[in-house]
Every structure is written in C-alpha cells, then in structure tokens.
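Architecture and fold: a report
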Amino acid sequence: MEPSDKREDTEEVLQPPPPPPPSVIPPDGVGVPVNPEHTSESVKKAMMPKRVPVSRRGFGSRGQKIQLLTNHFKVGISNAGGHFFHYSVALSYEDGHPVEMKGVGRKIMDKVLETYDTELSVKDFAYDGEKSLFTVGALPHNKLEFTVVLDSVSSNRSNVVSRNTENGSHDGNESPEGADRKRLRRASQSKTFKVEISFAAKIPMQAIASALRGQESENSQEALRVLDIILRQHAAKQGCLLVRQSFFHDNARNFTDLGGGVLGCRGFHSSFRATQDGSTTTIIQPGPLVDFLIANQDARDPFQLDWSKAKRTLKNLRIKVKPSNQEYRIVGLSENLCKEQLFALKNKGNDDAEDIEVTVYDYFVNYRKIGLHYSGDLPCVNVGKPKRPTFLPIELCFLVPLQRYTKALTVHQRTTLVERSRQKPQEKMMILTDVMKTNNYEADPLLRSCGISISTQFTQVEGRVLPAPRLKAGNGEDLIARNGRWNFNNKRLAEPSKINNWAAVNFSARCDTRGLCRDLARVGETKGIFIDPPIDIFEENPQFRRAPPMVRVEKMFEQMKPQLPDGPPHFIVCLLPDRKNSDIYGPWKRKCLAEFGIFNQCLAPGRVNDQYLMNVLLKINAKLGGLNTLLAIEPSRSIPLVSKVPTIIFGMDVSHGSPGQSDIPSVAAVVSSRCWPLISRYRASVRTQSPKVEMIDSLFKPVSDKDLGIIRELLLEFYVSSGQTKPTQIIIFRDGVSESQFNQVLNIELDQIIEACKFLDEKWNPKFTIIIAQKNHHTKFFQAGSQDNVPPGTVIDSKVCHPTHYDFYMCAHAGMIGTTRPTHYHVLLDEIGFSADDLQELIHSLSYVYQRSTNAISIVAPVRYAHLAATQVSQFIKFDDSSETSSSHGSLTSVGGPPVPELPKLHDKVCSSMFFC
C-alpha cells in the first residue's frame, strides 16, 4: 500500500519528550476542590471534549470509471521488527556557548561519525541538521559526549572562514603568495566543538508497516518523519539546497532567468506522506556580486546603484573572494568608499611600532598587489562582526550558487516563473521518472538498514469522472458544458443588469475611451445588458501622470465633482495605465468602495476585442447584482440536503503579505451565500489581523453588548435576503490551512461561529459541515499513454487518500496549461449527513457557479471568492504610510505590540454586493 497524507506545514525539529510535571501535594495533604460555578470560561473550554476529524463513512460510486497514474510511489518494509532510536543533540563551542550558526550541524556530526566510528559502533544515523538524531538500533550508551575539531566551519554546503585579525586590522607587507599562505594558516586555526548526544525516545518500525497498511498508531507520524529526515540527509549529501522536503540541485539545466539577478530553480519534492513531485524556488544569480546588483536594480553601471537598497538585498548572502577562494557571509557595506575607508594596519616585524591607518583600496593595491579597476569609488563589502568589521573590495566578491532569494518578486518575475514552471503531463512524468532513477534511494545505507524499499513506478489508481451539472442562461435556456467550458453564443445572461448613471475614467494615455464605451454597450446588448451612454468621460490631466497614486486618484475625483452635480455615479469604468498590478488600483478601489459606495470595474486595455469585453461584462453584471449563469438544480430546488432546508455556505481564506513582507497585516475574508435556495449569489466580509496568522480571530467579536464579528453580519444578510429565514445548516469551506491546523479550525474557529449564532439566538443550534480545500500539495494524476490532462470532473477517493480520514481529490476543471493540480478536500465534520456521492457532486457543482468566467474552476467558488475579496481589500491598506485609526479588531502583532491597522468599512451601497468579482 502507498504512503499517504502529506503534511503541508513546515518540517518541525523533533525535540526530546518533556519530563512529566512534578506532583504537587498541599502541605496538609488535602486536595483543593474545584467549584464549577467559579471556573473561568477558558478553563471550561479546556475541560470540554475536543472535536476530532470525522472518519470516512464510505466511498463515492457515481461517474464513469477511469484508470489513472499518480506520482505516489509504493513503499515496502522488510524489517518491521526493528526500532528507530531518537537522540537529542546539543552542540556547543569550547567555552560552552551553544552553536547557533545555521547549517554547521551537519558538518560537525559528519566529523563525529568520522572520528568516533568505533564509539558509535559504526552506526549510520539520520540527522535533521539541528537537534535530533536517529539511528537504527541503539547506540552503546544513553548519553555520549564527544569533542571534534573542524579546520573550517561549514554553513549551508560551504566553508566560511573569518579573516579578521584580533583588532579587526589586516596584516600587510606581504606578497600575494605570502598573504594567501597566511590565510591558509588562519583557516587551519580550527575550532573545537563539544557534542552531547542523549537518548530521547524509542520508535518501533512496526509503526511504519502499520501506516503502510492503513493502520495508524501513536508512533506512525514520528516514524514517517524519521524517514523524511533520511530523505533530506540523502539530498544534503548530494549538495542540494534543502527547502523543507523540496530539494534543488546545482545544475544549470534546472535554472531559468527571471530577470533582476534572480533565477527560477526547478527541483523536486519528496515526502513519505505522499509524493515525488516537481518544485520550484527562486535563487540568486551566482557570479560577480556587482553584476547581480546591476541586474537587480536594472542599473546601467555600478555607479548608478542605490546602495541603501543594495545593503538590504545583500545582507546574509554568501560570497567567495578572489584570489583566496575563501567564503564569507555579508553583514553590510562600508559607510565610506573603498578609497576613503580607513582601518588600522599592524606594522609587521615591529611590535612596538604604532598601527598605521591605510585605506582598503591602498591595502589591496599596494600591499597585496591586487589590481582594482572600479572598486575604489564604490562601498566595500563588510564580512566581519559588529565591532570588528572586515572590508573587501566589491569586484573581488562572487556570489556562491544555490542561495535562496526570499524577497518579493516583481510582477514580471512572478509571471515568468509561472510560465516557465509549467510542464505538460507527459513531460512531468518523464522528469519524475528520471528523478526517481537518479535519486538512487536503494543505495542509501539507512534506508537499507531499515529494510525500506521505494518503487520507481507510478502508482495506478482508479478515478471516476462526474458529469458536468446542467446550467441555465437567460430565458431559462440550457447551457451545455463540454470539457468543463461553455459559451454564450446566441444566448443571454441568466439575470442581466441595466447600466445607467455611469461614467468612464481614463488614467491611460493610449486608450480610445469613447470607442471602448461604445463597444462595451454593443456587446452588452447582445447578452441582455442594456447600457445607456455614459454621463461623462474623464481623461486624466497629463500634469498628474507622474504624481503618487493617491494624489492621482484624488485629483481625478476633484476633476469629476463639478461635472456631477447630482452626486457620484452608480457605476464607473476605470482604465488603468498598466496591464497588471497598477499602483492606482488600491487607492481607486478604496475611494470608490469605502468612501463613495460606487460600483466600478477596472480595465487594463491592451488588445480589446469582443471576447475581452464579454469577459469584462461578466464581472460587471455580477457586481451590479445580476447572474450570468446558475445551476439548473437551484431554481428546481433539487440539491440534496441543501435545497429543502435553509442552508448557508461559507468560504473562508486569509491573504498574507508577499515573502519578505513580514510586517504587513494579513487579511481574513469570509464570503457567504445569500438568497437561499440559490448557491450562486454571495457577499463578503473582510478584516485585518496579525501578519502571517492563518487562524481567523474576528469571526465573533463581542464588544460591550454587541458582536462586531464577521459571522454576525453574514448571518443577518442571509436572513434578510432569504425571506426572513435563519439557516439551519451551515457548510464551511476553509482554504489555506495545513493538516496540523485542522484541530484549530474544528475547536477554535468553529467555536467562534457557534458563539456568533448563540449571540443572535441562544436556542439556535444549526448543523455544521466543515470541509478543508487544499491546493498547496504535490499530488498529480495522469492518464496513462495520453498527452492530455485528466478530464474535468475527475474524483479520486481511494488508494492514495488517507486510510481512515474523510478526504478525496477532485479535478473539476479542464487543465489547459501544464499539469492539472487537483484540489484535496478534507471533511472534518459532517453533522448534516451527506453521502459521499452527494457531497462530491455538491462540490463539483460549486466549481461551476463562478460568475467571472465561462469554465469550471479548480476549487469551489466560495473559496475563490474569499481569496479575491481578501486580495482586493488588502490593496486598501497597501498604500497607507500610516494607519488612519489606532484601533484594531483586537489582534496584535505581539503582546504589547503595535495594533493592526483596521480596514476602512465598505460603504452600505456596496457591502452586500459581489464587489470582488
């Protein structure tokens, strides 16, 4: 049987188990009784039984069966009677201070194995690089202490050696050859490390065998984690860059230039939870440091560089220095230019003589006889310590390979990375087949001693293809979806809007605004959307085109006001100057949606044709309250368990700042269905919370005698829009959480939602179904012998799914580019009581109600809408230099830390709309 259920969160370092708490006995030997009436609410909650994810109740049977291959590879074990022994590792310097330098641990432990092989009974071990070590069978003693000497200190696959003399000065009066010899002598002034290995736990390998048979035990997760660590160590010995369970080789064939001195690096993900799959990360372009900076800042030459920006970019990057080839980590730049930066140089051969001050430039040119062509007029690179700087001319510095680039990518870089990471199904299968062969896992001594074997053949699985749901267009006409797609040829929208009292605004100098408005009206009329001529068209004053975004938006509204004596229009079309991520977008949306309550549609016109305008009209119609399509089963009230009983559907997501933006608040969004029994209309509620926090903390927010949380306003909207009806069933789709957070969703977020319901009506007890939707995984499915992706509607709920938990994979959409990524659905709770078939068909249908397009999407529409709402509203605060308010929704970045800025409230005119479409 195949290994299953990949862990989505980052790998944790295993710690030794904590000691049991001491028994506390009152002096008189009499325990203190607990009075339940005086127990705090938090204690009561802690005493309540925890909810756990439900078990699978059955398998689906509907749909046409299809044979598939997947990138799960069968694992066998022949030594189930053995044990892993877990040891805690403590590394320290000779003076007792702990070793904190990242990446040094593997070098030290390799030296321990090399030096003390007899004391270790010549046992191979798996080491996680930090504090945990595992062996097959026990070491000779429960506690072992070793001392090792390293000639150089490794950090992240390379050597770093300090070149500082005692006072931060350089020794001079040497030829280049003599200086190089001296550096080599310094390198051999090695460091001594103390290593303490202590027994922590014993893990039976039987747990692995049980997990492979689908019988989880209390040790199965720990045992599988040991195997993951073995895979990481296997990759580390091959010189790979390790990013959790993804591994990247230093091979130019895997690189793609993204511009700005950044490379996309293709690697592979390998985990005993599930799969072998392709992965992509971003790395720094290796080579001359100055070339990277010029590319990164798009400068003409090094003299045009912004050095304050360069200092932030270069911090902690590793370089090699010519001609010694020694390696260092950059800590900063010098305050002065190389020709002006002084340091104290010891006078060789005369201890009584005072140090002489020389510039870094003079030292390298005159003492070291190294020619410098341009570094004299540039800052130096500092590779020393805070109180003992060591300066190097920039042209002698070269970036080493495989260094991750963790800053936010530009729009162009992101687009290029996505485009060049795509692989058609057969191409991906060929690459993975090659990876499995080159990994050569059968040669790993630890895997051999465990009796672990890994097949190189893709696993065969059986899927089912669900038929596409029937759709309705205008006048009740049927829309037939073929291969997950449909069109409106000779058909009208299901519920078209009428557009009057509207205007157009143009920030783009290259667009014919009047012509575009005429074409929009012409295409709209064919679909039932009747558009009056705009009341006015406003062209931006050219003098403001170089002004800051907020200023441009303010000036445009000032320009509009005198021409609109009756107040702002109901709707505005806004033409932006850039095709993607215009910096005007955020301020414009905030002004329209929060301040004035104006419905609006932004365009970035390039090649405008009727199909483009049709796609725009789909968004406009949804925003203005229309419907483009709806499921045939909605008006006929034939959705099992949903149409007969008032049911609300939530989609929940949290949007975080880009990598490298750790101080930007996260934005939580919840969308909810309205106008039951329809499941195609939604509205959204959005809040900020602490940066990088995934759990939503504002679902229920009691303040005095009010609830200011998200759920209350969504429930009230459902009640008003659904004929004064409260939902008796609540279906929740949650995006963006890993398996380690499932219990938090079940026991923290769900508790908030229940409290919000009770706050409205103490006797209200709706039934809940909670489903996690995961896209961030590595499982792929392929049709054997076919160039095509799996067909839309494919669902897999056996073999590669969890043996007992309730999960399944679904490819609802037609993968047109690259290899289809299925959505992995996990059912955590199902009080409503769906059958497997009914739940899978509901989820499949919810992939067809997305109003922005004419194709099925890869995930249920409520989740996609939540993501859109969070992303769009996050732009509101993106351009704020300071928060308009000092209050927050109660979420702090840290105890006593600054409050999270509150989002501006959406205007009453638009808050119930699908403004996010």
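Please read all numbers here as calculations on a predicted model, not as lab measurements. (Residues numbered from 1 in each chain as written. Predicted model: local features only at pLDDT ≥ 70, side-chain atom pairs only at ≥ 80, totals over all residues. Heavy atoms only, no water.)

**Remarks on the side chain of Lys527**
With respect to the helices and strands, the residue Lys527 is situated in the loop between α12 (513-526) and β28 (530-531). Despite being buried, Lys527 has no salt bridge partner; Asp610 is the closest side chain of opposite charge, sitting 9.2 Å away. Not counting chain neighbours up to four residues away, the residues in contact with Lys527 comprise Phe488, Asn489, Asn490, Lys491, Arg492, Leu493, Pro496 and Met614. (Helix = DSSP H or I, 4+ residues; strand = E, 2+ residues; numbered from the N terminus. Buried < 20%, exposed > 50% of the residue type's maximum accessible area, 1.4 Å probe, protein only. Lys, Arg positive; Asp, Glu negative; His and termini not counted. Salt bridge = Lys/Arg side-chain N within 4 Å of Asp/Glu carboxyl O. Contact = heavy atoms within 4.5 Å.)

**Comments concerning the sheet that holds strand β8 (residues 191-204)**
If you trace the five strands from one edge of the open sheet to the other, you get β3-β4-β2-β8-β5, paired in antiparallel fashion. Looking at strand neighbours, the two that pair on one side only are β3 (125-127) and β5 (143-150), the edges of this open sheet. The mean inter-strand angle of the sheet, taken between neighbouring strand axes irrespective of direction, is 30 degrees. Relative to β8, strand β2 (residues 83-93) is paired through 11 bridges, and the arrangement is antiparallel. Its bridge partner lying in β8, Tyr87 is registered against Phe199. Against the sheet, helix α2 (residues 104-115) makes contact with β2, β3, β4 (132-136), β5 and β8, and its axis sits at roughly 105 degrees relative to β5, the strand it touches most. Of the strands in this sheet, β2, β3, β4 and β8 touch helix α5 (residues 220-237), which is tilted by about 85 degrees from β3. (Pairing = 2+ DSSP bridges. Axes fitted to C-alpha atoms, helices over the stretch in contact; angles between N-to-C directions.)

**Observations regarding helix α14 (residues 585-596)**
Across its 12 residues, α14 extends 16 Å between first and last C-alpha, which sits within 8% of the 16 Å expected from 1.5 Å per residue. Counting buried positions over the 12 residues of α14 gives nine, a clear majority of the element. All of the buried residues along α14 are Gly586, Pro587, Trp588, Lys589, Arg590, Lys591, Cys592, Leu593 and Ala594. Phi turns positive one or two residues past the end of α14, at Gly597, with a value near 70 degrees. (Expected span 1.5 Å × (residues − 1).)

**Things to note about the pairing of strand β31 (residues 599-603)**
When you tally the buried positions in β31, you get five out of five residues, the bulk of the element. In β31, alternate side chains face the same way, and those of Phe599, Gln601 and Leu603 on one face and Asn600 and Cys602 on the other are all buried. Pairing of strand β30 (residues 571-575) with β31, which is carried by five bridges, proceeds in the parallel orientation. Residue pairing across strands places Leu575 opposite Leu603, the latter belonging to β31.

**What to know about the packing of α12 against helix α15 (residues 610-623)**
Running from N to C, α12 and α15 cross one another at 75 degrees; their axes reach a closest spacing of 9 Å. Relative to α15, α12 is oriented roughly perpendicular. Every residue of α15 that contacts α12 at Asp519, Leu520, Arg522, Val523 and Gly524 is listed here: Asp610, Leu613, Met614, Val616, Leu617 and Ile620. Its residues assigned to classes, the contact of α12 with α15 shows seven nonpolar, one polar and three charged. (Parallel < 35°, antiparallel > 145°, perpendicular 65-115°, else oblique. Nonpolar A, V, L, I, M, F, W, Y, C, P; charged D, E, K, R; others polar.)

**Quick notes on unusual backbone geometry**
The residue after Lys322, namely Pro323, is reached through a cis peptide bond having omega 0 degrees. The topology assignment puts Pro323 in the loop between β15 (318-321) and β16 (326-329). Residue Trp676 is joined to Pro677 through a cis peptide bond whose omega torsion reads 20 degrees. Positionally, Pro677 belongs in the loop between β34 (666-673) and β35 (682-689). For Asn440, which is not glycine, the phi torsion reads 50 degrees and is therefore positive. Mapping Asn440 onto the fold places it in the loop between α10 (425-439) and α11 (445-450). Within the chain, Arg637 stands out as a residue other than glycine whose phi angle is a positive 50 degrees. Here Arg637 is to be found in the loop between β32 (630-631) and β33 (647-655).

**What to know about the packing of aromatic side chains**
The full count for this structure, using the stated rule, is 21 aromatic pairs. With 5.8 Å between their ring centres and 20 degrees between their planes, Trp486 and Tyr848 make a pair best called stacked. Residue Trp486 is found in the loop between β25 (478-479) and β26 (498-499), and its partner Tyr848 is found in the loop between α18 (836-846) and α19 (861-878); the two are separated by 362 residues along the sequence. Judged by centre distance (5.5 Å) and plane angle (70 degrees), the ring pair of Phe781 and Tyr809 falls under edge-to-face. One end of the pair, Phe781, is in strand β40 (residues 781-782); the other, Tyr809, is in strand β42 (residues 806-811), with 28 residues separating them in the sequence. Of the two residues, Phe781 and Tyr809, neither departs from the other in class, the shared state being buried. Aromatic rings pair up to connect Tyr682, Tyr850, Tyr865, Phe915 and Phe916 into one cluster. (Phe/Tyr/Trp six-rings, centres within 6.5 Å; stacked < 30°, edge-to-face > 60°.)

**Notes on the side chain of Thr854**
Within the secondary structure, Thr854 is located in the loop between α18 and α19. Thr854 gets classed as buried once you look at its relative accessible area, which sits at 18%. Beyond its immediate sequence surroundings of up to four residues, Thr854 is in contact with Arg485, Trp486, Phe488 and Leu618.

**Structural notes on the pattern of salt bridges**
Applying the stated rule across the entire model yields 30 salt bridges. Here Arg683 makes a salt bridge to Glu717, at a shortest N to O gap of 3.7 Å. Taken together, the positions of Arg683 in strand β35 and Glu717 in helix α16 (residues 710-721) put the pair 34 residues apart, joining distant regions of the chain. Judged by relative accessible area, which is 4%, Arg683 ranks as buried. Here the salt bridges do not stand alone but share partners, grouping Arg62, Arg464, Asp797, Asp837, Asp838 and Glu841 into one network.

**As for the nonpolar core**
Ranked by size, the top nonpolar core spans 120 residues in total, and within it Phe650, Tyr865 and Phe916 carry the most contacts. When residues in this core are grouped by element, the largest group, 10 residues, is from α19. When sequence neighbours within four positions are dropped, the list of residues in contact with Tyr865 reads Val671, Tyr682, Val849, Tyr850, Gln851, Met914, Phe916 and Cys917. Counting residues in hydrophobic clusters, the runner-up holds 42 residues, among them Leu314, Ile330, Cys380 and Tyr405. (Core = buried A, V, L, I, M, F, W, Y, C linked by side-chain atoms within 4.5 Å.)

**Side note on the confidence of the model for the protein chain**
When pLDDT drops low, the exact placement of atoms in the prediction is not to be read closely. Overall, the prediction assigns the protein chain a mean pLDDT of 84, with 85% of residues at 70 or greater. Contacts of residues 1-44 to residues separated by more than four positions or lying in other chains number 76 contacts, the stretch itself having pLDDT below 50. Contacts of residues 154-189 to residues separated by more than four positions or lying in other chains number 99 contacts, the stretch itself having pLDDT below 50. (pLDDT = per-residue confidence, 0-100.)

**So, the packing of α16 against helix α17 (residues 742-760)**
Relative to each other, α16 and α17 sit at 55 degrees, their axes nearing to 9 Å. Relative to α17, the element α16 lies oblique. The interaxial crossing formed by α16 with α17 has right-handed handedness. For the pair α16 and α17, the contacting residues are Ile711, Arg712, Leu715 and Leu716 in the first and Ile753, Ala756, Cys757, Phe759 and Leu760 in the second. Residues of the contact of α16 with α17, tallied by class, amount to eight nonpolar, no polar and one charged. (Left-handed = near helix turned anticlockwise from the far one by under 90°.)

**What about the sheet that holds β25?**
With respect to topology, three strands assemble into an open sheet ordered β25-β24-β32, the strand pairing being antiparallel. Edge positions in the sheet fall to β25 and β32, since each has one partner strand and no second. Of the pairings in the sheet, the one linking strand β24 (residues 471-472) to β32 comprises two bridges and is antiparallel in character. When the sheet's bridge partners are listed, Lys472 is paired in β32 with Leu630.

**Brief notes about the state of the cysteines**
Across all of its chains, the model carries zero disulfides by this definition. Cys240 carries a free sulfur, and the closest cysteine sulfur to it, the one in Cys265, is 9.2 Å from it. In this structure Cys380 is a free cysteine whose sulfur lies 3.8 Å from that of Cys338, the closest cysteine sulfur available. On the basis of relative accessibility, which here comes to 0%, the residue Cys380 falls in the buried class. (Disulfide = S-S within 2.5 Å.)

**Some thoughts on α17**
Relative to the 27 Å expected for 19 residues at 1.5 Å per residue, α17 spans 27 Å between its end C-alpha atoms, a close match to the ideal helical length. For α17, the complete set of buried residues consists of Phe742, Val745, Leu746, Asn747, Glu749, Leu750, Gln752, Ile753, Ala756 and Cys757. At its buried positions, α17 is contacted by β33, β37 (706-707), α16, β38 (729-735), β39 (767-774) and β43 (823-830).

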